[in-house]
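Residue-level structure breakdown
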Amino acid sequence: TCISVIASIPVFGQTDRPDSTAAQSSLSPTIRVTGGWDDNIFRVNEADAPIADFTTTISPAARGTLRASRLRLSGQGEVDFIKFRRVDQINSVDVLTDGRVELPLGQLTPYVGGNWTNTRHRRNFEIDLPVRQVDSGWIAGVDLRLSGKTSIGVSRRRSRVDYKGDTSYLGSDLAQYLGATAWINGVEVRYALTPFTTIGADFEKDRTEFEVATERDSDGILVASVIEFRPLALVSGRARFGFRKRTFLDGNAPAFRTAVTRFDLAYTLLGRTRFTLTGQ
């Protein structure tokens, strides 16, 4: 159970004319305060006497864009100050950042980007322990505009997951058995349905490799449909739904198939307060 309050203050560059000079550069800081009650902070079974506690998270953040000559730069960062009332040994400061640089060349736009995340409480589906996880990665690609409404892009990404500090959990070293590197090649197609709404499709092929648990090395394929809403629309953000198949390289496990979805949608009230809905 949690309650969130978010405040957003436009500093400069926010305008209702997307083609203006001011719209090419902007900085928007926000702060989110979340309070809640967690009835099982270590995610244990009922027989293991779950521990409950009140938690408060204060999250200052900022996102911005900058136009410098031909280059377009964008990025965002967030710091989460997470505090538990009684179990203070799992208090944490989590950091999330990402950025991107684009070089528009008429119909062609090459770009590079990167991300770095150092968190303790954004746990994944494999572990319940609040252990520090460092995610890093980069992406390079190019977008080609085929017409006024249609574009296609290709990209190559690398992502890396590491675990830091005390990484021993249930007799295993998470740093050794869950630390992994993934290479992803992707193709995306986009069509501007309206000035504020874009639809499209994504195709990705990846290989994930583990340093120690090599029996988990695998190849994956993802095919998904996408809908995107521009910031000036009533609702902004994007949502994706598709299907994923994963094949393990050693052949000792059957191929895995599943439906996948991910969404990150937002609504801004009166230009200052932003409400978001995210999930995967």
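Quantities reported herein were computed from a predicted structural model and do not represent experimental measurements.

Reading the values: rules and limits
Residues numbered from 1 in each chain as written. Predicted model: local features only at pLDDT ≥ 70, side-chain atom pairs only at ≥ 80, totals over all residues. Heavy atoms only, no water. Helix = DSSP H or I, 4+ residues; strand = E, 2+ residues; numbered from the N terminus. Rg over C-alpha atoms; globule rule 2.2 N^0.38 Å. Buried < 20%, exposed > 50% of the residue type's maximum accessible area, 1.4 Å probe, protein only. Pairing = 2+ DSSP bridges. pLDDT = per-residue confidence, 0-100. Contact = heavy atoms within 4.5 Å. Salt bridge = Lys/Arg side-chain N within 4 Å of Asp/Glu carboxyl O. Phe/Tyr/Trp six-rings, centres within 6.5 Å; stacked < 30°, edge-to-face > 60°. Lys NZ or Arg CZ within 6 Å of the ring centre and 35° of its normal. Polar contact = N/O pair within 3.5 Å; in protein donor to acceptor, adjacent residues only side chain to side chain. Patch = residues over 30% accessible without salt bridge, like charges linked within 9 Å, V, L, I, M, F, W, Y side chains within 5 Å. Areas by Shrake-Rupley, 256 points an atom, 1.4 Å probe, with all protein chains shown as cover.

All right, on to the overall build of the protein then. The number of helices and strands found in the protein is one helix and 16 strands. Against the 2.2 N^0.38 benchmark of 19 Å for 280 residues, the protein shows a C-alpha radius of gyration of 21 Å, consistent with a compact globule. Over its C-alpha atoms, taken along the principal directions, the protein stretches across nearly 60 × 45 × 30 Å. Within the protein, the proportion of its 280 residues that are buried is 30%.

Two strands pair when backbone bridges link them, and strand β12 (residues 197-210) and strand β13 (residues 218-229) are joined in this way by twelve bridges, in the antiparallel orientation. Looking at β13, one finds that Phe 203 is bridged to Val 223. What sits between the antiparallel neighbours β13 and strand β14 (residues 236-248) is a turn of six residues.

Further remarks concern the confidence of the model for the protein. Put simply, the protein has an average pLDDT of 87, and 90% of its residues get 70 or more. Within the model, the stretch residues 14-22 combines pLDDT values under 50 with eleven contacts to residues more than four positions away or in other chains.

Okay, the environment of Pro 231 next. Position of Pro 231 relative to the elements: it lies in the loop between β13 and β14. With a relative accessible area of 73%, Pro 231 lands in the exposed category. Separated by 36 residues in sequence, Pro 231 and Tyr 267 place their C-alpha atoms 9.0 Å apart.

Here the structure, examined in full by the defined rule, presents 17 salt bridges. The partner of Arg 244 in a salt bridge is Asp 206, with the nearest N and O atoms 3.7 Å apart. Here Arg 244 is found in strand β14, whereas its partner Asp 206 is found in strand β12, with 38 residues between them in sequence. Residue Asp 206 is classed as buried on the basis of its relative accessible area, which comes to 7%. Taking the shortest distance from any N to any O, the salt bridge between Asp 219 and Arg 207 comes out at 2.8 Å. A residue pair is termed long-range when its members are at least 10 positions apart, and Asp 219 in strand β13 and Arg 207 in strand β12 qualify at twelve residues. When its relative accessible area of 37% is taken as the criterion, Arg 207 is described as partly exposed.

On to the side chain of Thr 57. The topology assignment puts Thr 57 in strand β3 (residues 53-68). Those residues in contact with Thr 57 that lie beyond four places of it in its chain are Arg 32, Val 33, Thr 34, Asp 80, Phe 81 and Ile 82.

A complete count under the given rule lists three aromatic pairs for this structure. With a centroid separation of 5.7 Å and an interplanar angle of 75°, the aromatic rings of Phe 241 and Phe 243 are classed as edge-to-face. Residue Phe 241 is classed as partly exposed on the basis of its relative accessible area, which comes to 41%. Against the face of Tyr 111 rests Arg 100, its NZ or CZ located 3.8 Å from the ring centre.

The subject of this paragraph is the environment of Gln 133. Inspection of the secondary structure assignment puts Gln 133 in strand β7 (residues 132-145). Owing to a relative accessible area of 9%, Gln 133 belongs among the buried residues under this scheme. Of note is the side chain of Gln 133, whose polar atom sits 2.9 Å from the side chain of Asp 135. At a separation of 3.4 Å, a polar atom in the side chain of Gln 133 contacts the side chain of Tyr 163.

What follows is about unusual backbone geometry. Here Ala 49, not a glycine, exhibits a phi torsion of approximately 55°, which is positive. Locating Ala 49 in the fold gives a position in the loop between β2 (26-38) and β3. Unusually for a residue other than glycine, Ser 69 sits at a positive phi of about 55°. Examined against the element boundaries, Ser 69 turns out to sit in the loop between β3 and β4 (71-84).

Attention now moves to a nonpolar patch on the surface. A cluster of nonpolar residues, Leu 105, Leu 108, Leu 144, Leu 146, Ile 152, Val 154, Val 187, Val 189, Phe 203, Ile 221 and Val 223, forms a patch on the protein surface that exposes about 830 Å² of accessible area. Topologically, Leu 146 is positioned in the loop between β7 and β8 (150-164). Look at Leu 146 and you get exposed, because its relative accessible area is 52%.

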